[in-house]
Amino acid sequence: TSIPNTSNLNPAECDPNNADGYTKAVVSTQSTGASVMEDMILQGVPVDVQWNDIDYMSEHEDFTISPDRFADLPRYVDYLHMHGKRYVAMMDPAIHARFNEGYAPLESGLEMDVFVRNNTGDVLIGNVWPGDTVFPDFLAANTSIWWKTQLSKFSKSVSYDGIWIDMNEPQNFYDGSAQGCPWNDPLEKPPYLPGVRKSSLQWQTLCMTARHHQYRHYDVHNLYGWSEAHATRAALKYQRPDNRTFLLSRSTFVGSGRWAAHWTGDISASWSDMAATIPSLINFNMYGIPLVGADICGFNGDSNEELCTRWS
(Lines give C-alpha, C1' and ligand atoms only; values in the text may rest on other atoms or scores of the structure.)
Protein backbone atom coordinates (compact mmCIF):
# COMPACT_ATOMS: atom_id res chain seq x y z
CA THR A 1 0.00 0.00 0.00
CA SER A 2 1.44 3.36 -1.00
CA ILE A 3 1.60 6.21 1.52
CA PRO A 4 0.30 9.57 0.22
CA ASN A 5 3.00 12.19 -0.22
CA THR A 6 2.01 15.34 1.67
CA SER A 7 5.51 16.86 1.66
CA ASN A 8 4.33 19.64 -0.70
CA LEU A 9 1.83 20.85 1.95
CA ASN A 10 2.95 23.49 4.40
CA PRO A 11 3.11 22.29 8.01
CA ALA A 12 0.07 22.88 10.20
CA GLU A 13 -0.11 25.63 12.78
CA CYS A 14 0.73 24.32 16.23
CA ASP A 15 -2.57 24.06 18.09
CA PRO A 16 -2.86 25.02 21.76
CA ASN A 17 -2.59 22.24 24.34
CA ASN A 18 -6.30 22.53 25.16
CA ALA A 19 -7.18 21.44 21.60
CA ASP A 20 -6.49 17.87 22.78
CA GLY A 21 -8.36 18.35 26.05
CA TYR A 22 -11.91 17.85 27.30
CA THR A 23 -14.43 20.19 25.74
CA LYS A 24 -18.10 20.99 26.27
CA ALA A 25 -20.46 22.61 23.76
CA VAL A 26 -23.56 24.64 24.62
CA VAL A 27 -26.47 25.08 22.18
CA SER A 28 -29.14 26.46 24.48
CA THR A 29 -28.76 29.32 26.98
CA GLN A 30 -25.92 30.84 28.93
CA SER A 31 -27.53 30.00 32.28
CA THR A 32 -27.77 26.32 31.37
CA GLY A 33 -24.21 26.17 30.07
CA ALA A 34 -22.81 28.12 33.01
CA SER A 35 -24.62 25.92 35.53
CA VAL A 36 -23.25 22.73 34.00
CA MET A 37 -19.74 24.18 33.70
CA GLU A 38 -19.73 25.42 37.30
CA ASP A 39 -20.87 22.01 38.54
CA MET A 40 -18.11 20.33 36.54
CA ILE A 41 -15.49 22.67 37.97
CA LEU A 42 -16.75 22.19 41.56
CA GLN A 43 -16.88 18.40 41.19
CA GLY A 44 -13.44 18.24 39.61
CA VAL A 45 -14.73 16.84 36.32
CA PRO A 46 -12.03 17.35 33.64
CA VAL A 47 -13.02 20.13 31.23
CA ASP A 48 -10.74 22.49 29.34
CA VAL A 49 -12.84 24.37 26.80
CA GLN A 50 -16.37 25.78 26.52
CA TRP A 51 -17.82 26.00 23.01
CA ASN A 52 -20.88 27.93 21.85
CA ASP A 53 -23.01 27.23 18.81
CA ILE A 54 -24.90 30.10 17.14
CA ASP A 55 -27.45 30.33 19.97
CA TYR A 56 -25.26 32.97 21.65
CA MET A 57 -25.93 35.37 18.75
CA SER A 58 -28.77 37.85 18.47
CA GLU A 59 -31.10 36.56 15.72
CA HIS A 60 -28.25 34.27 14.57
CA GLU A 61 -26.30 37.28 13.27
CA ASP A 62 -22.50 37.07 13.29
CA PHE A 63 -20.64 39.40 15.68
CA THR A 64 -23.65 39.89 17.98
CA ILE A 65 -24.68 38.66 21.44
CA SER A 66 -28.25 37.66 22.32
CA PRO A 67 -29.54 40.09 24.98
CA ASP A 68 -31.96 37.42 26.23
CA ARG A 69 -30.06 34.13 26.24
CA PHE A 70 -26.42 35.27 26.61
CA ALA A 71 -26.47 38.81 28.03
CA ASP A 72 -23.59 38.11 30.45
CA LEU A 73 -21.43 36.19 27.97
CA PRO A 74 -18.43 38.57 28.19
CA ARG A 75 -18.28 38.21 31.98
CA TYR A 76 -18.81 34.46 31.74
CA VAL A 77 -15.83 34.12 29.39
CA ASP A 78 -13.75 36.09 31.91
CA TYR A 79 -14.92 33.60 34.57
CA LEU A 80 -13.75 30.71 32.39
CA HIS A 81 -10.34 32.32 31.93
CA MET A 82 -10.06 32.91 35.68
CA HIS A 83 -10.47 29.15 36.18
CA GLY A 84 -7.94 28.27 33.48
CA LYS A 85 -10.53 27.35 30.84
CA ARG A 86 -10.75 28.48 27.24
CA TYR A 87 -13.67 29.65 25.09
CA VAL A 88 -14.46 28.94 21.41
CA ALA A 89 -17.21 30.83 19.53
CA MET A 90 -18.94 29.75 16.34
CA MET A 91 -19.04 31.97 13.26
CA ASP A 92 -20.97 31.28 10.06
CA PRO A 93 -19.79 32.90 6.82
CA ALA A 94 -23.25 34.08 5.70
CA ILE A 95 -24.09 37.64 6.76
CA HIS A 96 -27.69 38.67 7.45
CA ALA A 97 -28.99 40.73 4.52
CA ARG A 98 -30.60 43.45 6.67
CA PHE A 99 -30.12 46.24 4.17
CA ASN A 100 -30.40 49.86 5.36
CA GLU A 101 -30.91 48.86 9.00
CA GLY A 102 -27.49 49.76 10.36
CA TYR A 103 -26.07 46.23 10.66
CA ALA A 104 -22.41 47.26 10.56
CA PRO A 105 -20.82 44.03 9.22
CA LEU A 106 -23.19 44.14 6.24
CA GLU A 107 -22.83 47.86 5.60
CA SER A 108 -19.02 47.81 5.73
CA GLY A 109 -18.93 44.68 3.58
CA LEU A 110 -21.06 46.33 0.91
CA GLU A 111 -18.83 49.40 1.00
CA MET A 112 -15.72 47.26 0.58
CA ASP A 113 -17.38 45.06 -2.09
CA VAL A 114 -16.59 41.78 -0.35
CA PHE A 115 -19.69 39.74 -1.20
CA VAL A 116 -20.27 37.15 -3.92
CA ARG A 117 -22.40 38.44 -6.81
CA ASN A 118 -24.76 36.72 -9.21
CA ASN A 119 -24.31 36.52 -12.98
CA THR A 120 -25.95 39.93 -13.49
CA GLY A 121 -23.58 41.67 -11.08
CA ASP A 122 -25.99 42.08 -8.17
CA VAL A 123 -25.07 40.81 -4.71
CA LEU A 124 -26.23 37.20 -4.52
CA ILE A 125 -28.92 36.61 -1.89
CA GLY A 126 -29.08 33.25 -0.14
CA ASN A 127 -30.77 32.02 3.00
CA VAL A 128 -29.16 30.64 6.15
CA TRP A 129 -30.01 30.78 9.87
CA PRO A 130 -30.67 34.54 10.18
CA GLY A 131 -32.90 34.58 7.08
CA ASP A 132 -31.80 36.09 3.78
CA THR A 133 -28.03 36.40 3.67
CA VAL A 134 -25.03 37.39 1.57
CA PHE A 135 -21.78 35.46 1.27
CA PRO A 136 -18.26 36.88 1.65
CA ASP A 137 -15.81 36.11 -1.14
CA PHE A 138 -12.82 34.99 0.91
CA LEU A 139 -10.65 34.67 -2.20
CA ALA A 140 -10.59 38.47 -2.51
CA ALA A 141 -7.82 40.28 -0.59
CA ASN A 142 -10.10 43.00 0.79
CA THR A 143 -12.44 40.37 2.25
CA SER A 144 -9.67 39.15 4.54
CA ILE A 145 -9.22 42.72 5.78
CA TRP A 146 -12.97 43.11 6.37
CA TRP A 147 -13.24 39.73 8.14
CA LYS A 148 -10.23 40.52 10.36
CA THR A 149 -11.82 43.84 11.32
CA GLN A 150 -15.15 42.25 12.26
CA LEU A 151 -13.53 39.49 14.33
CA SER A 152 -11.23 41.98 16.06
CA LYS A 153 -14.17 44.20 17.03
CA PHE A 154 -16.08 41.22 18.38
CA SER A 155 -13.07 40.02 20.39
CA LYS A 156 -13.18 43.29 22.33
CA SER A 157 -16.62 42.24 23.61
CA VAL A 158 -16.02 38.51 23.97
CA SER A 159 -12.43 37.47 24.60
CA TYR A 160 -12.60 34.20 22.69
CA ASP A 161 -9.61 31.86 22.39
CA GLY A 162 -10.64 30.16 19.16
CA ILE A 163 -13.18 30.18 16.35
CA TRP A 164 -15.45 27.41 15.05
CA ILE A 165 -16.49 28.05 11.43
CA ASP A 166 -19.55 26.20 10.17
CA MET A 167 -21.91 26.15 7.16
CA ASN A 168 -18.96 26.99 4.91
CA GLU A 169 -19.39 24.63 1.95
CA PRO A 170 -21.07 27.20 1.60
CA GLN A 171 -24.50 25.95 2.67
CA ASN A 172 -27.53 27.86 1.47
CA PHE A 173 -31.16 26.97 2.19
CA TYR A 174 -32.07 28.27 -1.27
CA ASP A 175 -30.96 26.16 -4.21
CA GLY A 176 -28.66 28.67 -5.88
CA SER A 177 -30.06 32.04 -4.82
CA ALA A 178 -33.23 33.97 -4.09
CA GLN A 179 -32.96 35.40 -7.61
CA GLY A 180 -32.63 31.95 -9.19
CA CYS A 181 -29.83 30.78 -11.50
CA PRO A 182 -29.41 31.21 -15.27
CA TRP A 183 -30.30 27.69 -16.29
CA ASN A 184 -29.34 28.31 -19.91
CA ASP A 185 -25.70 28.73 -18.85
CA PRO A 186 -23.74 25.45 -19.31
CA LEU A 187 -22.04 25.92 -15.93
CA GLU A 188 -25.37 25.39 -14.20
CA LYS A 189 -26.02 22.15 -16.09
CA PRO A 190 -22.66 20.83 -17.31
CA PRO A 191 -22.51 17.82 -19.63
CA TYR A 192 -20.96 15.72 -16.86
CA LEU A 193 -22.69 15.74 -13.49
CA PRO A 194 -21.10 14.02 -10.46
CA GLY A 195 -23.25 12.05 -8.03
CA VAL A 196 -24.71 15.05 -6.20
CA ARG A 197 -28.01 15.16 -4.33
CA LYS A 198 -31.09 15.80 -6.41
CA SER A 199 -28.82 15.79 -9.48
CA SER A 200 -28.24 19.50 -8.91
CA LEU A 201 -24.95 21.30 -8.38
CA GLN A 202 -26.91 24.19 -6.86
CA TRP A 203 -28.69 22.11 -4.20
CA GLN A 204 -28.29 23.97 -0.89
CA THR A 205 -25.38 26.05 -2.16
CA LEU A 206 -24.71 28.89 -4.62
CA CYS A 207 -25.34 29.17 -8.36
CA MET A 208 -22.40 27.84 -10.31
CA THR A 209 -22.34 31.11 -12.28
CA ALA A 210 -22.04 33.18 -9.09
CA ARG A 211 -19.17 35.64 -9.37
CA HIS A 212 -16.27 35.75 -7.00
CA HIS A 213 -13.92 38.63 -7.73
CA GLN A 214 -11.77 36.62 -10.14
CA TYR A 215 -13.64 33.36 -10.55
CA ARG A 216 -16.98 31.69 -11.12
CA HIS A 217 -18.29 29.62 -8.23
CA TYR A 218 -18.20 26.53 -10.45
CA ASP A 219 -14.38 26.70 -10.38
CA VAL A 220 -13.84 27.47 -6.68
CA HIS A 221 -16.76 25.86 -4.81
CA ASN A 222 -14.51 23.39 -2.98
CA LEU A 223 -12.20 26.21 -1.89
CA TYR A 224 -14.82 28.19 0.03
CA GLY A 225 -14.12 26.64 3.44
CA TRP A 226 -10.40 26.57 2.66
CA SER A 227 -10.34 30.29 1.92
CA GLU A 228 -12.47 31.17 4.98
CA ALA A 229 -10.08 29.19 7.18
CA HIS A 230 -7.13 31.08 5.68
CA ALA A 231 -8.75 34.44 6.40
CA THR A 232 -9.83 33.41 9.90
CA ARG A 233 -6.39 32.10 10.84
CA ALA A 234 -4.86 35.39 9.67
CA ALA A 235 -7.35 37.29 11.87
CA LEU A 236 -6.52 35.15 14.91
CA LYS A 237 -2.79 35.66 14.42
CA TYR A 238 -3.36 39.41 14.13
CA GLN A 239 -5.31 39.45 17.40
CA ARG A 240 -2.94 37.19 19.31
CA PRO A 241 0.45 37.17 17.59
CA ASP A 242 2.21 35.59 20.57
CA ASN A 243 -0.37 32.90 21.35
CA ARG A 244 -1.42 29.63 19.81
CA THR A 245 -5.09 29.89 18.86
CA PHE A 246 -7.60 27.29 17.77
CA LEU A 247 -9.62 27.10 14.55
CA LEU A 248 -12.07 24.37 13.51
CA SER A 249 -13.79 24.19 10.10
CA ARG A 250 -16.57 21.99 8.76
CA SER A 251 -15.58 22.43 5.12
CA THR A 252 -11.95 21.77 4.21
CA PHE A 253 -9.79 21.02 1.19
CA VAL A 254 -6.28 19.74 0.62
CA GLY A 255 -3.99 22.15 2.46
CA SER A 256 -6.62 23.32 4.96
CA GLY A 257 -4.70 21.55 7.71
CA ARG A 258 -2.16 24.36 7.62
CA TRP A 259 -4.76 26.68 9.19
CA ALA A 260 -7.59 24.66 10.68
CA ALA A 261 -8.71 21.43 12.26
CA HIS A 262 -11.66 19.57 10.75
CA TRP A 263 -14.69 17.75 12.11
CA THR A 264 -17.02 15.44 10.28
CA GLY A 265 -20.17 17.54 10.59
CA ASP A 266 -23.67 16.62 11.73
CA ILE A 267 -23.43 12.86 11.97
CA SER A 268 -26.16 10.71 13.50
CA ALA A 269 -26.20 9.11 16.92
CA SER A 270 -25.94 5.61 15.49
CA TRP A 271 -23.56 2.67 15.51
CA SER A 272 -23.17 2.87 11.74
CA ASP A 273 -22.08 6.51 11.85
CA MET A 274 -19.68 5.79 14.69
CA ALA A 275 -18.09 3.06 12.55
CA ALA A 276 -17.94 5.38 9.54
CA THR A 277 -16.00 8.02 11.45
CA ILE A 278 -13.01 5.71 11.89
CA PRO A 279 -11.91 5.58 8.22
CA SER A 280 -13.06 9.18 7.80
CA LEU A 281 -10.63 10.49 10.43
CA ILE A 282 -7.78 8.41 9.02
CA ASN A 283 -8.49 9.63 5.49
CA PHE A 284 -8.29 13.27 6.51
CA ASN A 285 -4.90 12.63 8.08
CA MET A 286 -3.79 11.39 4.66
CA TYR A 287 -5.11 14.61 3.13
CA GLY A 288 -2.65 16.58 5.26
CA ILE A 289 -5.10 17.58 8.02
CA PRO A 290 -3.57 16.31 11.29
CA LEU A 291 -6.26 17.36 13.78
CA VAL A 292 -9.63 15.77 12.95
CA GLY A 293 -12.58 14.71 15.09
CA ALA A 294 -16.21 13.64 15.13
CA ASP A 295 -19.14 14.52 17.39
CA ILE A 296 -18.80 11.95 20.19
CA CYS A 297 -22.20 10.30 20.80
CA GLY A 298 -23.37 11.73 17.46
CA PHE A 299 -25.27 14.94 16.71
CA ASN A 300 -28.61 14.12 15.06
CA GLY A 301 -31.04 11.95 16.96
CA ASP A 302 -31.06 10.62 20.53
CA SER A 303 -27.91 8.95 21.79
CA ASN A 304 -27.58 6.43 24.62
CA GLU A 305 -25.12 5.56 27.36
CA GLU A 306 -23.63 2.48 25.68
CA LEU A 307 -23.05 4.31 22.38
CA CYS A 308 -21.38 7.25 24.13
CA THR A 309 -19.21 4.95 26.24
CA ARG A 310 -18.00 2.96 23.23
CA TRP A 311 -17.52 6.12 21.15
CA SER A 312 -15.35 7.90 23.71
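About the criteria used
- Every chain is numbered independently, its residues counted from 1 as its sequence is written.
- Owing to the predicted nature of the model, reporting of local features is limited to residues with pLDDT of at least 70; listing and counting of side-chain atom pairs is limited to 80 or more, with chain, interface and lining totals taken over all residues.
- Side-chain measures here rest on the full set of heavy atoms in the structure, leaving out hydrogens and waters.
- Note on exposure labels: buried denotes an accessible area under 20% of the residue type's maximum, exposed denotes more than 50%, and partly exposed covers the range between, all computed with a 1.4 Å probe on protein chains only.
- Only DSSP runs of H or I reaching four residues or more are called helices, and only runs of E reaching two or more are called strands; each is numbered from the N terminus.
- In this scheme, strands are said to pair when DSSP sees at least two bridges between them.
- Orient the strands so they point away from the viewer, and a crossover whose first-strand-to-second-strand path over the helix runs clockwise is right-handed.
- In what follows, a disulfide is any cysteine sulfur pair within 2.5 Å.

(A) A look at the pairing of strand β3 (residues 86-91). Counting buried positions along β3 gives 5 out of 6 residues, so the element sits mostly inside the fold. Relative to β3, strand β2 (residues 49-52) runs parallel, the two being bridged by 4 bridges. When the bridges of β3 are listed, Asn52 appears paired with Ala89. Where the polypeptide runs from β2 across helix α2 (residues 73-82) and back to β3, its parallel neighbour, the crossover connection is right-handed. Where β3 meets strand β7 (residues 162-165), 4 bridges bridge the pair, whose relative direction is parallel. Each residue of the ladder has a partner; that of Met90, found in β7, is Trp164.

(B) Fine view of the sheet that holds strand β6 (residues 131-134). With antiparallel pairing, 3 strands are arranged side by side in an open sheet as β4-β6-β5. Each of the sheet's edge strands pairs with one partner strand only, and the pair in question is β4 (95-96) and β5 (126-128).

(C) Spatial organisation of the state of the cysteines. In this structure the tally under the stated criterion is 2 disulfides. Covalently, Cys181 is tied to Cys207 through a disulfide, its sulfur atoms 2.0 Å apart. The disulfide joining Cys181 to Cys207 has a torsion of about -85° about its S-S bond and is therefore left-handed. Of this pair, Cys181 sits in the loop between β7 and α5 (217-220) while Cys207 sits in the loop between β7 and α5, and the two are 26 residues apart along the sequence. Under the relative-accessibility criterion, Cys181 is labelled buried at 9%. Paired by a disulfide, Cys297 and Cys308 hold their sulfur atoms 2.1 Å apart. A residue pair is termed long-range when its members are at least 10 positions apart, and Cys297 in the loop between β10 (292-293) and α8 (305-311) and Cys308 in helix α8 qualify at 11 residues. Looking at Cys297, the relative accessible area reads 18%, which means it is buried. Numbered by order of appearance in the sequence, the disulfide-linked cysteines of the protein pair as 1-2, 3-4.

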